[in-house]
Structure formats: C-alpha cells, structure tokens
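Listed here are the chains, written in short residue letters.
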Amino acid sequence: MVFTTITSLTFGQDRCGTVQYMKNTQDENFQPNQLQFEEWIQQKIRARKKSTAQRQQAIFEIPVVVHVIHNGEAIGSGTNISDAQVLSQISVLNKDYRRMNADASLTPTEFLPLAGSMDIEFVLAKQDPEGLATTGIERVQGTKSLWSLNDNYELKSLSYWPAEDYLNIWVCNLTGVLGYSQFPVSDLPGLESSSDNRLTDGVVIAYNAFGSEDDGPFVLTSKYRKGRTTTHEVAHFFGLRHIWGDDNGQCGGTDYVNDTPNQGSETLGCPSAPPMSCGV
C-alpha cells in the first residue's frame with residue numbers, strides 16, 4: 001500500500017527513471033560473478049526458512065549507506081548535503097514503510113482495508129565493509145558536475161559497498177529524472193528481466209529531492225520536498241512496479257498486485273479520490 005500512495009503524488013521532473021534504467025540494463029555486458037551471487041541468494045533463502053514465527057514478529061533492520069557524490073562544496077552546501085538532510089530521508093523512509101507518516105490519515109477510504117506496515121527499519125550503517133565504525137554516510141567528490149542514467153556505471157563505481165550487506169543509495173546532481181532504482185533479482189512475474197549486477201544494485205536520487213522540508217531548511221525542489229521520491233524508488237528496489245503497468249496508456253499493463261485497479265498512466269497532482277483511468 002505504501003507504493004500505491006506514493007505513486008498518486010506529484011512526482012517530478014521526468015520523475016521516475018527506473019523503467020528506462022531497466023531497459024538500459026537488459027543488454028548490459030558488465031556482469032558480476034554469477035555463481036557467487038547465486039550462492040549468496042541460496043544462503044538467504046535457507047536463513048529465511050528457519051523460523052516462521054520469529055520472522056513474522058521481528059523488525060528487520062536494513063543497513064543503509066548513503067554515498068553523497070558532490071562537486072567539492074563544503075558539507076551542507078549544494079550537492080554536498082548535510083548529515084541532517086540524510087537523517088531526514090532515513091526518517092521519512094521509516095515513517096512511510098511503517099505507516100507512521102503524518103499523512104497516513106489521508107489514505108483513501110478504498111485503500112484502508114489494504115493499508116498496512118512493513119516490518120522493516122532503515123538504519124544508517126554502523127560498520128563499513130572493513131568492520132570499522134562509520135556514520136553510514138560516504139562523501140566523494142564526483143568526476144562531473146551533472147549525472148544522468150547514462151552515467152550509471154561511472155557514478156556507482158565512485159563509491160560502492162557490497163550489495164549483499166547494504167542498501168546503497170547514491171545522492172548526486174541528477175539530471176533528466178528525480179531518481180531511479182535497480183529491481184531485485186527474482187523469478188516473480190514482472191521481474192524476470194531485472195539486472196543481476198550486484199555492483200550497480202541500489203537507488204540513485206537527486207540531491208534536491210532527498211529529505212523533507214519538515215526536518216530542516218534544506219534546499220529542495222519546490223514540488224518534491226517531502227522525501228517521497230526516495231520512498232518511491234526504494235519500493236522499486238523491493239520489486240514493486242508502477243500501478244499503471246508502464247504500457248503508455250494502453251490499459252493493458254499490470255503491476256502484478258491486485259490491490260489497486262489498473263491505470264492508463266501515472267497520476268499527476270494530488271487528486272481527492274483515486275482516479276479510474278481504465279474504467280472499473
């Protein structure tokens with residue numbers, strides 16, 4: 001339900017670049033060690049099967065590393081966003097995914113029976129890949145002042161932590177879109193073409209759409225100042241697709257989840273009630 005809510009918000013610029021990113025990576029030649037990745041996946045599957053009761057009650061912590069790719073500014077200026085802005089975004093993620101956000105009360109009546117929370121908590125990493133103490137925030141001066149989808153490999157190679165252990169989020173001066181994500185490796189319908197490149201696994205967000213104005217006087221773009229861009233892209237990271245099926249308004253697409261009616265395309269603005277662009 002989290003994703004249903006955020007896709008109905010005004011989303012931005014060219015907004016979400018995940019679909020285009022997915023198309024770009026389907027033919028990629030830069031592949032990691034597939035055997036190593038499969039062994040890791042199987043370990044995770046075995047661990048998940050051990051205790052159903054504990055799994056249902058536990059809050060799973062997701063270690064996050066935020067790579068701030070800046071242009072040489074002082075911390076807190078321009079693309080070199082402050083620690084407070086990073087912490088703001090982590091707070092937004094936790095509130096949104098646990099349904100503790102202040103605007104949860106605005107959930108449309110139609111969706112109330114389906115609304116719920118995910119038993120996860122996003123936590124800035126406390127140890128780096130070498131086992132050393134860290135704030136979970138990595139600051140790296142970039143090799144260019146603007147970044148696009150086409151710069152994906154170069155951007156992520158500047159600073160990367162193993163995707164087996166961390167959710168990598170890169171924050172930079174992103175152009176063309178507000179953010180994009182790499183779908184997970186899965187045999188679930190709709191995810192068959194996901195990239196299996198662990199070296200690019202994660203989320204990329206524009207620096208001026210990261211964090212919420214509710215937490216400080218951050219320099220954020222006027223329409224996207226509540227941190228929901230990252231909430232949206234992290235939902236892609238978990239495997240959720242757009243509810244309109246990305247079929248260019250043909251009403252023939254699907255997000256493979258039956259909690260919302262099919263839509264012809266994205267919804268702009270903040271409608272008072274869920275629109276029905278493909279009929280009942």
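See the structure printed just above.
Once a new chain begins, its residue numbering starts again from 1 and follows that chain's sequence as written. Only residues with pLDDT of 70 or above have their local features reported here, since the model is predicted, and side-chain atom pairs are shown and tallied only from 80 upward, although totals for entire chains, interfaces and linings are computed over all residues. Each side-chain value is derived from all of the structure's non-hydrogen atoms; neither hydrogens nor water enter the calculation.

1. A few points about the pattern of salt bridges
By definition, a salt bridge exists where a carboxyl oxygen of Asp or Glu is found within 4 Å of a side-chain nitrogen of Lys or Arg. All told, the structure shown has 11 salt bridges when counted by the stated rule. Here Asp151 makes a salt bridge to Lys144, at a shortest N to O gap of 3.0 Å. A 1.4 Å probe rolled over the protein chains alone gives each residue an accessible area, and that area as a share of the maximum for its type sets the label: buried under 20%, exposed over 50%, partly exposed in between. Given the relative accessible area of 28%, Lys144 is considered partly exposed. Between Arg241 and Asp246 there is a salt bridge; the shortest N-O distance is 3.8 Å. Residue Arg241 is classed as buried on the basis of its relative accessible area, which comes to 17%. Judged by its relative accessible area of 25%, Asp246 is partly exposed.

2. Overview of the side chain of Lys156
Secondary structure elements are taken from DSSP: a helix is a run of H or I of four residues or more, a strand is a run of E of two residues or more, and numbering for both begins at the N terminus. Its place among the elements puts Lys156 in helix H6 (residues 152-157). When charges are counted, Lys and Arg contribute as positive and Asp and Glu as negative, whereas His and the chain ends are disregarded. In this structure Lys156 is buried but unpaired, with Asp201 as the nearest side chain of opposite charge at 7.5 Å. Here Thr200 takes part through its backbone oxygen, which lies 2.7 Å from a polar atom of the side chain of Lys156. Pairing of N or O atoms within 3.5 Å defines a polar contact, subject to two protein rules: one partner must be a possible hydrogen donor and the other a possible acceptor, and residues neighboring in sequence count only if both atoms are side-chain atoms.

3. Let's talk about the state of the cysteines
Only a pair of cysteine sulfur atoms within 2.5 Å counts as a disulfide in this structure description. This model, assessed by the stated rule, comprises one disulfide. The side chain of Cys251 participates in a disulfide bridge whose partner is Cys278; the two sulfur atoms lie 2.0 Å from each other. Where Cys251 bonds to Cys278 through sulfur, the torsion about that S-S bond is close to -85°, and the disulfide is left-handed. In this pair, Cys251 is assigned in the segment after helix H7 (228-237) and Cys278 in the segment after H7, connecting sequence segments 27 residues apart.

4. Side note on the pairing of strand E6 (residues 203-206)
By the alternation rule, side chains of E6 split into Val203 and Ile205 and Val204 and Ala206, which are all buried. Relative to E6, strand E5 (residues 179-181) runs antiparallel, the two sharing three bridges. Bridging from a neighbouring strand, Ser181 pairs with Val203 of E6. Whether two strands pair depends on DSSP finding at least two bridges between them.

5. Topic: empty space enclosed by the protein
The definitions used throughout rest on a 1 Å grid laid over the protein atoms alone, on which a cavity is an enclosed set of points accommodating a 1.4 Å probe that cannot get out and a pocket is an open set flanked by protein within 12 Å on both sides along at least five of seven lines; lining residues are those having an atom within 4 Å of a point. Grid points are joined across faces, edges and corners, and a volume is the space filled by probe spheres set on the points. Within the structure shown, the criterion is met by one cavity of 30 Å³ or more. Quantified by volume, the largest cavity comes out at close to 40 Å³. When residues in the lining of the largest cavity are grouped by element, the largest group, four residues, is from helix H2 (residues 18-25).

6. A closer look at the nonpolar core
What we call a nonpolar core is a set of buried Ala, Val, Leu, Ile, Met, Phe, Trp, Tyr and Cys residues that are connected through their side-chain atoms within 4.5 Å. With 23 residues, the main nonpolar core has Val64, Val66, Val86, Phe122, Leu167, Ile169 and Phe210 as its most contacted residues. In what follows, a contact means two residues having at least one pair of non-hydrogen atoms within 4.5 Å. Discounting chain neighbours no more than four positions away, the residues touching Val86 are Val66, Val68, Ile81, Leu124, Ile137 and Phe210. Core analysis: the next-biggest nonpolar cluster, separate from the first, contains 16 residues, Ile69, Tyr180, Val204 and Tyr224 among them.

7. Notes on the packing of aromatic side chains
Two aromatic rings from Phe, Tyr or Trp, using only the six-membered ring of Trp, form a pair when their centres are within 6.5 Å; if the ring planes differ by under 30 degrees the pair is stacked, by over 60 it is edge-to-face, and anything between is tilted. On inspection of all chains with the given rule, the structure shows six aromatic pairs. On the numbers, 5.9 Å between centres and 85° between planes, the contact of Tyr97 with Phe238 is edge-to-face. Of this pair, Tyr97 sits in helix H5 (residues 83-97) while Phe238 sits in the segment after H7; the two residues are 141 residues apart in sequence, bridging distant segments of the chain. Classification of Tyr97 by relative accessible area gives buried; the value is 1%. Taken together, the aromatic side chains of Tyr97, Phe122, Phe237 and Phe238 make up a single cluster linked through ring pairs. When the NZ atom of lysine or the CZ atom of arginine is within 6 Å of a ring's centre and also within 35 degrees of its normal, the charge is said to sit over that ring. In this structure, Lys144 packs its charged tip against the face of Trp147, placed 5.6 Å from the ring centre.

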